[in-house]
Amino acid sequence: MKVASLSPSEYPEFYKTYIDKVPTDLDLLEALEKGRTTVLHDFKSIPEAKLSWRYAPGKWTIKEVLQHIIDNERVFSYRCFRISRQDKTNLPGYEQDDFVATSNANEKSLKDLIEAYEAVRRNTMVLLNEMSETEFKHMGMVSGNPMSARAAAFVIVGHEIHHLQVLQQKYL
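Residues numbered from 1 in each chain as written. Predicted model: local features only at pLDDT ≥ 70, side-chain atom pairs only at ≥ 80, totals over all residues. Heavy atoms only, no water.

As for the side chain of Thr61
By secondary structure assignment, the location of Thr61 is in the loop between α2 (28–44) and α3 (62–84). Residues within four places of Thr61 in sequence aside, it is in contact with Leu51, Ser52, Trp53, Arg54, Asn106 and Tyr171. (Helix = DSSP H or I, 4+ residues; strand = E, 2+ residues; numbered from the N terminus. Contact = heavy atoms within 4.5 Å.)

In structure tokens, the structure reads:
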């Protein structure tokens, strides 16, 4: 399944920014694997002394960016799962800044953050690999807006790409 199969009616307009970043030539699992490889390469290449650096006051540190990528994937894979199971509950949003502020990311080692990232990505890929085409097309509600299970999965990919681009542009 490729991102081109999505209809704009499957996700709120807000997520278009992320959906548009997903490579059109890769299927979902290929895009997740490519993202995993890129994240590991990019974050492991950052000098330890720079991991707690922020490019401006009030902005996240590099460790906090990685923690945010991890947290977002947890949230969106859970949304994808619930929607795929035809859960009609309106799934709530989350405050990313509150999550980062209470994450203690800067006290964690890069090794521990990488381990968490890899575990979450493995879980996401196992979950998505076992879903049927029908389950991916199920619609649910997220923050009062319709979203398909597959759109939630593609948001994981596009969101990660977005933050890797910010990392390159503002941090490195």
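Observations concerning the packing of aromatic side chains
Under the counting rule described, the total for this entry stands at 6 aromatic pairs. Note on Phe14 and Tyr15: the rings are 5.0 Å apart at their centroids and 80° apart in plane angle, and the pair reads as edge-to-face. Ring plane angle 80° and centroid distance 5.5 Å describe the contact between Tyr15 and Phe76, whose orientation is recorded as edge-to-face. Of this pair, Tyr15 sits in the segment before α1 (16–19) while Phe76 is found in helix α3, placing the two residues 61 residues apart along the sequence. With a relative accessible area of 12%, Tyr15 lands in the buried category. Residue Phe76 is classed as buried on the basis of its relative accessible area of 2%. Grouping aromatic residues by their ring pairs yields a cluster made of Phe14, Tyr15, Tyr18 and Phe76. Directly above the ring of Trp53 sits Lys50, whose terminal nitrogen or CZ lies 5.0 Å from the centroid. Lying across the ring of Phe76, Arg79 places its NZ or CZ 4.6 Å from the centre. (Phe/Tyr/Trp six-rings, centres within 6.5 Å; stacked < 30°, edge-to-face > 60°. Buried < 20%, exposed > 50% of the residue type's maximum accessible area, 1.4 Å probe, protein only. Lys NZ or Arg CZ within 6 Å of the ring centre and 35° of its normal.)

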